[in-house]
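# Commentary on secondary and tertiary structure
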Amino acid sequence: MSSMSPHAGSQLVDLCAVLLLLTCFAIVAQRRLSACVDLFALQSFFLAATAAIVAFLTGVHHIYIAAALTIVIKVFVIPRILKKVIERLNVSRELVMNVNIPAGLLICGALVIIAFFITQPIIPLGYLLTRDSLSIALAIVLIGFFTMIARKKAVTQMVGFLVMENGLFLGATAAAYGMPLIVELGVFFDVLVAGLIVGIYTHRLQDAFDSVDTSALTVLKE
Amino acid sequence: MLPIIILLIGPFIAGLLSLVIRRSRLLHVINFSTMLALVGADTALTTQILSHGPIIALGALVYVDALSAFILFIIAAIGLSCSLYMWSYMDEQVARGVIAPKRLSVFFFLFHMFLLAMVAATIANSLGVQWVALEGTTLATTFLIAFFRRRESLEAGWKYLILCSVGIALALFGIVLTYYSSVRVLGDVSAALNMTSLIGVADRLDPHVLKLAFIFILIGYGTKVGLVPMHTWLPEAYSEAPAPVAAMLAGVLETVAVYAILRSKILVDQALPPEFSANLLVLFGFISFAVAAFFILIQHNYKRLFAYSSIEHMGLAMIGFGIGGVAGTFGALFHLLNHALAKALAFFTAGNIHRRFNTVEIDGVKGLAKAQPVTAVALMVAGCALVGLPPFSPFFSELLIVSSLAAQDFASDTIHAGRFITVTISDEVRSLGTVALLMLFALIAFGGFMYRIGAMVWGEPAEEGSVQPERWTPGHVSLIAMMAALIGLGFVLPEPLKLLLNQAVKVVLAR
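Reading the values: the criteria
- Residues numbered from 1 in each chain as written.
- Chains lettered and ligands numbered in written order.
- Predicted model: local features only at pLDDT ≥ 70, side-chain atom pairs only at ≥ 80, totals over all residues.
- Helix = DSSP H or I, 4+ residues; strand = E, 2+ residues; numbered from the N terminus.
- Contact = placed C-beta atoms within 7 Å.
- Rg over C-alpha atoms; globule rule 2.2 N^0.38 Å.
- Buried ≥ 20, exposed ≤ 12 C-beta atoms within 10 Å, placed from the backbone.
- Core = buried A, V, L, I, M, F, W, Y, C linked by C-beta atoms within 7 Å.
- pLDDT = per-residue confidence, 0-100.
- Axes fitted to C-alpha atoms, helices over the stretch in contact; angles between N-to-C directions.
- Parallel < 35°, antiparallel > 145°, perpendicular 65-115°, else oblique.
- Left-handed = near helix turned anticlockwise from the far one by under 90°.
- Nonpolar A, V, L, I, M, F, W, Y, C, P; charged D, E, K, R; others polar.
- Expected span 1.5 Å × (residues − 1).

## A short note on the overall build of chain A
- Counting its regular elements, chain A contains 7 helices and 0 strands.
- Ordering the α and β elements of chain A from the N terminus gives α-α-α-α-α-α-α.
- Long-range contacts, defined here as pairs at least 24 residues apart, represent 74% of the contacts in chain A between residues at least 6 apart.

## Re the overall build of chain B
- In terms of helices and strands, chain B carries 19 helices and 4 strands.
- Relative to a compact globule of 511 residues, whose C-alpha radius of gyration would be 24 Å, chain B shows 23 Å and is just as compact.
- C-alpha extents for chain B along the principal axes are approximately 75 × 60 × 45 Å.
- Counting the 511 residues in chain B, one finds 59% classified as buried.
- Considering only contacts within chain B whose residues lie at least 6 apart along the sequence, 78% involve residues at least 24 apart.

## Here's the deal with the environment of P229 of chain B
All names here are of chain B.
- Relative to the assigned elements, P229 resides in the loop between α8 (207-225) and α9 (234-240).
- With 12 C-beta atoms counted inside 10 Å, the residue P229 sits in the exposed group.
- Along the backbone, P229 and S288 are 59 residues apart, and their C-alpha atoms lie at a distance of 7.7 Å.

## Some details on the nonpolar core
- By size, the foremost hydrophobic cluster in this structure holds 277 residues, and its most contacted members are I140 of chain A together with F70, I74, Y179 and L345 of chain B.
- When residues in this core are grouped by element, the largest group, 21 residues, is from helix α6 (residues 151-186) of chain B.
- Excluding its chain neighbours within four sequence positions, the residues that come into contact with I74 of chain B are V252, T255, L336, L337 and A340 of chain B.

## Some points on the confidence of the model for chain A
- Residues at a pLDDT of 70 or more form 87% of chain A, whose mean pLDDT is 82.
- Of all secondary-structure elements in chain A, the lowest mean pLDDT belongs to helix α7 (residues 181-209) of chain A, at 81, while helix α4 (residues 101-119) of chain A reaches the highest, 90.

## A word on the packing of helix α3 (residues 66-96) of chain B against helix α19 (residues 495-509) of chain B
Residues and elements named next belong to chain B.
- In contact at an axis separation of 7 Å, α3 and α19 are set at 130° when each is read in the N-to-C sense. In terms of orientation, α3 and α19 fall into the oblique class. Once α3 is placed against α19, the crossing between them reads as left-handed. From α3, A66, L67, A69 and F70 reach across to α19, where they touch L500, L501, Q503, A504, V507 and V508.
- Partitioning the contact of α3 with α19 into residue classes produces 9 nonpolar, 1 polar and no charged.

## Notes on helix α15 (residues 373-387) of chain B
Residues and elements named next belong to chain B.
- Between its first and last C-alpha, α15 extends 21 Å over 15 residues, near the 21 Å set by a 1.5 Å rise per residue.
- All buried positions along α15 are accounted for by T375, A376, A378, L379, V381, A382, G383, C384, A385, L386 and V387.
- At the C-terminal side of α15, G388 shows a positive phi close to 90°.

## Quick word on the interface of chain B and chain A
- Listed per partner, the contact involves 34 residues of chain B and 37 residues of chain A.
- Of all the secondary structure elements, the ones that give two or more residues to the side of chain B that touches chain A are α5 (127-145), α6 and α8 of chain B.
- Grouping the constituent residues of the side of chain B that touches chain A by class yields 19 nonpolar, 7 polar and 8 charged.

## Some points on helix α12 (residues 302-323) of chain B
- Between its first and last C-alpha atoms α12 of chain B spans 32 Å; for 22 residues at 1.5 Å apiece the expected length is 32 Å, and the two agree.
- Among the 22 residues in α12 of chain B, 22 count as buried, and that is most of the element.

## What about the environment of A484 of chain B?
Residue and element names in this part refer to chain B.
- Within the secondary structure, A484 sits in helix α18 (residues 474-491).
- Look at A484 and you get exposed, because 11 C-beta atoms sit within 10 Å.
- For the pair A484 and S310, spaced 174 residues apart in sequence, the C-alpha separation works out to 21 Å.

## Here we look at the packing of α5 of chain B against helix α10 (residues 243-271) of chain B
Residues and elements named next belong to chain B.
- At a closest axis distance of 12 Å, the pairing of α5 and α10 adopts a crossing angle of 165°. The angle between the axes of α5 and α10 places the two elements in the roughly antiparallel class. Viewed along their axes, α5 and α10 form a crossing whose handedness is left-handed. For the pair formed by α5 and α10, the contact residues are L127, Q130, L134, T137, T141, L144 and I145 on the first element and V245, L249, L253, A257, A260 and R263 on the second.

## Remarks on unusual backbone geometry
- Following V228 of chain B, the chain continues into P229 of chain B via a peptide bond in cis, with omega recorded as 5°.
- Cis geometry marks the peptide bond from P390 of chain B to P391 of chain B, where omega comes out at 0°.

## Observations concerning the environment of T58 of chain A
- Tracing the chain through its elements places T58 of chain A in helix α2 (residues 33-58).
- Residue classification places T58 of chain A among the partly exposed residues on the basis of 18 C-beta atoms within 10 Å.

## Concerning the confidence of the model for chain B
- Averaged over every residue, the pLDDT of chain B is 87; residues scoring 70 or more account for 95%.
- This complex was scored by the predictor with a pTM of 0.90 and an ipTM of 0.86.

Below is the structure:
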């Protein structure tokens, strides 16, 4: 066990969780696609740091493995795939969105409040050092979900999905020191394959539609 | 032990082999023998479970009880008929030049990975591993749906990928919450998500957390089942996918997703009063049933028609599981089997119809009885089965569900409207009223469905050029077998199946 008092430890973890939340807001406020991907990589780095701190403070060693995988897959591999997709597609900015940026930021603020409201009955029941992060985790999941709805470009929608997965990983680490290792490995595998599939998909979409603006995907109607 | 290894290794090896093999006949043989192996393994497992009880294997990674064995049976049976149907269907698509011959290997690779993921989701002990497998099915089937690479297929596949992944991510949050509550009781053990451990401590888990967890899991996995309002990916995905893929998605994958919801329900019912999950299931089920019935009325594309019928039937199954009790649960489980059979049959006929008429519009198809008699009979059987007509087996499962709904004890309700008016709804009115409403929607669906099927079957086919009469293919063997099953199960339930169903009901009701 570390020499830091539990109180200071949980404050440190909360600080990291708040930094994660801030990157979420930054992604919502960004128009440039490559900047969104960079912010996602930054967020994943903070996530890995949070996990590493939790592992250090509690002595549960398999969280280190999850933190390492986060760095490898979410900070390097997937952002590289997405950057390649952006290069190939030749789009750099997202000018038209379903929900504009100021309104989007306000909605994200409301989502954070909603997340805290929903998890309110659960928080006092936790006894682990990172229980407040569960609310932030749900907030990140909801903001990621909102990003997928509010944006039109396929790449940003994928970033929204990845943000949701980050929120879930934070939730798992916050709630219970990470899920069983085999589950964590499985989740990483799924996320990686999903990233690859989106890479291939945008290629096909580009060929078929000459754009990856998903608002062009309205051929199929009732 | 050996059957479980076969269940997991079989599709895996078959998938890898499919990647390297080019000859289509060999690919089909591998596929068919994998399915046969699955059927054999499931039979062996069932006999063992019926005599010795649930099986825990591979160091508590695998848990198979009567409920899992029943779902495996559905996977294996529909998969077997699908592999026969694919024999002729895929060869025809290659012969017509719709897909390049070397893409057939990719198709079979994805198909076997899809199978592996479904089997893994059914026999996994840990809820987390089950989640990973279900997300795996989404990833494997995305490209299967978009296989024809038309613009509409790509659009359908993309929507499917995004919506199902989002839904499943919400389900993961529910699982995280479940883990959160179980770790409190069991300590930080890697087995804290295992169903075998959770069942033992279910009554000590925190009710608030489980409430929230179940809502997230229901919404999340409900997206894959196709419950309204999370169903928007479904009609397009099923109409764009190749016929055998649509059959597997509609018949089997939805069933596996229902199974995942059931596992959570079993857990939650121990910690919370059973009305909580029951009300949610009946609510979603009813809304899905009603909305699907209305959409069936306005369909002009027969594959979308079958897609909405899937939503409707899954809604009915949810109602059955929500009502609970032996009759409701038995009816709902039996309905999963019947729906899988009927829906797979429907999509196989859709594939045959498309082959002949080259359109998915209902108005473009006329005179099927003269052009393709066997397919026409199969379509009539599938249609009558899907609307719940006797003597086909869905009639009996729907009868069980509806009668358990009617027998349900609703408390009588009193509404105070204003100071002088008090309305009391007696319990009989509530239960019979609910049934009457359900029957109304069923009638609406019946009307829309039969009208469209009749329009396709009767009449005179438009003669264009040289028209070949319907030739016998391996696919027709599937059609006949499934028709026989639908009629046969309506008359007699084979003894081993009945035993398996009874055991499965006991598992769901946790008695």
